[in-house]
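Now for the letters of each chain:
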Amino acid sequence: MAKYYDIDDIITDEEIVAVIFQKSASGVGIDPSSETDCVEVGSKVELPFWLAHELQQRQAVSLNIPTSFNQNTRLEIQADSACVDLRSRCPFFYEFGCKIAPLVGARNIGPLLLSAFKSRYKEVLTKAHTAAFTAASKNLTILTKEETNLYEAAQSSMAAFKKWRMGGPRFQKASILGRKRKSTE
Amino acid sequence: MAGQSDPQLSLFSAEEVEFIAEDEMVEIVPNLRMDALNFVCGDFGPFFPQLATQVPLWLAVALKKRGKCTIRPPQWMTVEKLTQVLEAERDSQRVFEQLPFHYVEISRLLFDHARDDIPDVYMVRSLIEDIRDVRFHKVETNLESLNERAFALKINNLSAMEVNIVRPFVGRALQAFYKHDSPDLIPDQDRVSDRRPQVANNATRRHLRR
């Protein structure tokens, strides 16, 4: 419930996963390719994660490992994690990985997330505090949401410091001052 | 997780850190005669012309603005001393030199309000800028060593402003590492059905870095 109002968490739940139905279900329009309103046992359907999760708890479906965590992605991350475009694969790569890992029973997803984050973290670190905004915006497009947050936290604190160092108005006049008497006169 | 989606994790703004720094004491030489000032934070004065006395930075700046005193720059704010510090900072990759906790803010305030009281003000200013850049680069190299086994980071002699700049980033990074190293995801030990003992095991496995 702690994340009930977290918009990122809600969007993460919308990620599509492929499931295989273990029970037949009738009267549902889940599978758009089927001719009837009925889903057969063994049919493969793509569902949003929140629905798949609920159905899996009732043993109605079994989850497949999503494509964002398949062997190809794994190899790419092992090769050069900093250049992999994780955002186009899954904008909430880490959050989704944390959610899906216990459900599909894939023990290698956890270490994959950790190693990916560890090496990509260094890339974010070296660019975040120093690079100019325009130069860095190219790198920004391959970062996932969590990495972008990290990056922006560093950028904004550095920008705030630079602004302070450059000076500018030392004191800001409260808007209520200055027009104190004008309204009555 | 708290703070993960909140971009404003920074607790202080640069202006607030500057405000805190204004409580540091500096030495002034007044050019007026005035009775002692009694404030909540303490009593200062009495002031006699040409007799040096210690006051907080904010009072010194206020008097300076009215032309009632000259500020004596702190001991560390000399070209020789700062050159030494800069050399030492460049020589060592890990250790930070001992400087006042608020050196960035104090120097900024003095450069703004009392530049005529600082000898070689341009030199001093560029030295402090250089020191700050070298130190910040070192902070970044230190942060590269951050990994899933660190749940705290200790860097000695870091100043208030430097800490304040990296605080949002480090806080988030540590949180993310902690999350990804959770025992639910990394099956490094015998799995037990109860989660709580596992969390305890995991905590003992971590250790403070440096």
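Residues numbered from 1 in each chain as written. Chains lettered and ligands numbered in written order. Predicted model: local features only at pLDDT ≥ 70, side-chain atom pairs only at ≥ 80, totals over all residues. Heavy atoms only, no water.

Named according to an unreviewed UniProt entry, chain B is DNA replication complex GINS protein PSF2 originating from Quercus rubra. As its UniProt record puts it under Subcellular location (unreviewed entry), chain B is described as follows: "Nucleus". According to UniProt, the comment filed for chain B under the heading Subunit (unreviewed entry) is "Component of the GINS complex." (UniProt positions renumbered as here; feature names shortened; annotations may be inferred.)

Identification of chain A as GINS subunit domain-containing protein from Quercus rubra is taken from an unreviewed UniProt entry. In its Subcellular location (unreviewed entry) section, the UniProt entry covering chain A states "Nucleus". According to the UniProt record, the Sequence similarities (unreviewed entry) comment for chain A reads "Belongs to the GINS3/PSF3 family."

Undergrad: Got a minute to help me understand the overall build of chain B in this structure?
TA: When helices and strands are tallied, chain B shows seven helices and five strands. Traced from its N-terminal end to its C-terminal end, chain B shows the element sequence α-β-β-β-β-α-β-α-α-α-α-α. Here chain B holds 210 residues, and the buried ones make up 44% of them. A fraction of 68% describes how many contacts in chain B between residues 6 or more apart in sequence connect residues 24 or more apart. Total accessible area computed for chain B in this model is approximately 11300 Å², and 53% of it derives from carbon and sulfur atoms. (Helix = DSSP H or I, 4+ residues; strand = E, 2+ residues; numbered from the N terminus. Buried < 20%, exposed > 50% of the residue type's maximum accessible area, 1.4 Å probe, protein only. Contact = heavy atoms within 4.5 Å. Areas by Shrake-Rupley, 256 points an atom, 1.4 Å probe, with all protein chains shown as cover.)

Undergrad: Explanation requested: helix α3 (residues 71-80) of chain A in the structure shown.
TA: Residues and elements named next belong to chain A. Within α3, the full set of buried residues consists of Thr73, Arg74 and Ile77. Projected down its long axis, α3 shows its buried positions confined to an angular sector of 100°, all on one face. In this structure, α3 carries Asn72, Gln78 and Ala79 as exposed residues pointing more than 90 degrees from its buried face. Lining the buried residues of α3 we find α4 (86-89), α5 (93-104) and α6 (109-128). (Arc of directions from axis to C-beta.)

Undergrad: Help me understand the sheet that holds strand β5 (residues 69-72) of chain B, please; the structure alone is not making it clear to me.
TA: Strand pairing in a sheet is mediated by backbone hydrogen bonds. Such pairs are either parallel or antiparallel. All names here are of chain B. Strand order in the open sheet formed by three strands is β4-β1-β5, and the pairing between neighbours is antiparallel. Strands at the two margins of the open sheet, each flanked by one partner only, are β4 (53-56) and β5. Ignoring strand direction, the axes of neighbouring strands in this sheet form an average angle of 45°. Bridging between strand β1 (residues 25-30) and β5 involves four bridges; their strand directions are antiparallel. Within β5, the residue paired with Pro30 across the bridge is Cys69. (Pairing = 2+ DSSP bridges. Axes fitted to C-alpha atoms, helices over the stretch in contact; angles between N-to-C directions.)

Undergrad: Please clarify how the interface of chain B and chain A should be interpreted in this entry.
TA: The parts lose accessible area when they come together, and the size of an interface is often stated as this lost area. The partner chain A presents 36 residues to the 38 residues of chain B that form the contact. Across the chain B/chain A interface, buried area totals approximately 3300 Å², and carbon plus sulfur atoms make up 66% of it. Run the count over chain B and chain A and you get two salt bridges. Here Glu146 of chain A ties to Lys179 of chain B by a salt bridge, and the two come within 3.4 Å at their closest N and O atoms. On the surface where chain B and chain A come into contact, there are six residue pairs in polar contact (both at pLDDT 80 or more). Elements with a contribution of two residues or more to the side of chain B that touches chain A: α1 (14-21), α4 (103-113), α5 (121-144) and α6 (160-180) of chain B. By residue number, the principal contributor to the side of chain B that touches chain A is α6 of chain B, which donates 11 residues. Residue composition of the side of chain B that touches chain A, grouped by class: 18 nonpolar, five polar and 15 charged. (Buried area = accessible area lost by both parts, 1.4 Å probe. Salt bridge = Lys/Arg side-chain N within 4 Å of Asp/Glu carboxyl O. Polar contact = N/O pair within 3.5 Å; in protein donor to acceptor, adjacent residues only side chain to side chain. Nonpolar A, V, L, I, M, F, W, Y, C, P; charged D, E, K, R; others polar.)

Undergrad: Honestly, the pattern of salt bridges in this entry has me stumped. Any pointers?
TA: Where side chains of opposite charge bring their charged atoms close, a pairing between them can arise. All names here are of chain A. Overall, the coordinates contain 15 salt bridges over all chains when judged by the stated rule. In this structure, Asp9 and Lys99 form a salt bridge, with 3.1 Å as the shortest nitrogen-oxygen distance. Here Asp9 is found in helix α1 (residues 7-13), whereas its partner Lys99 is found in helix α5, with 90 residues between them in sequence. We classify Asp9 as buried; its relative accessible area is 14%. Judged by its relative accessible area of 22%, Lys99 falls in the partly exposed class.

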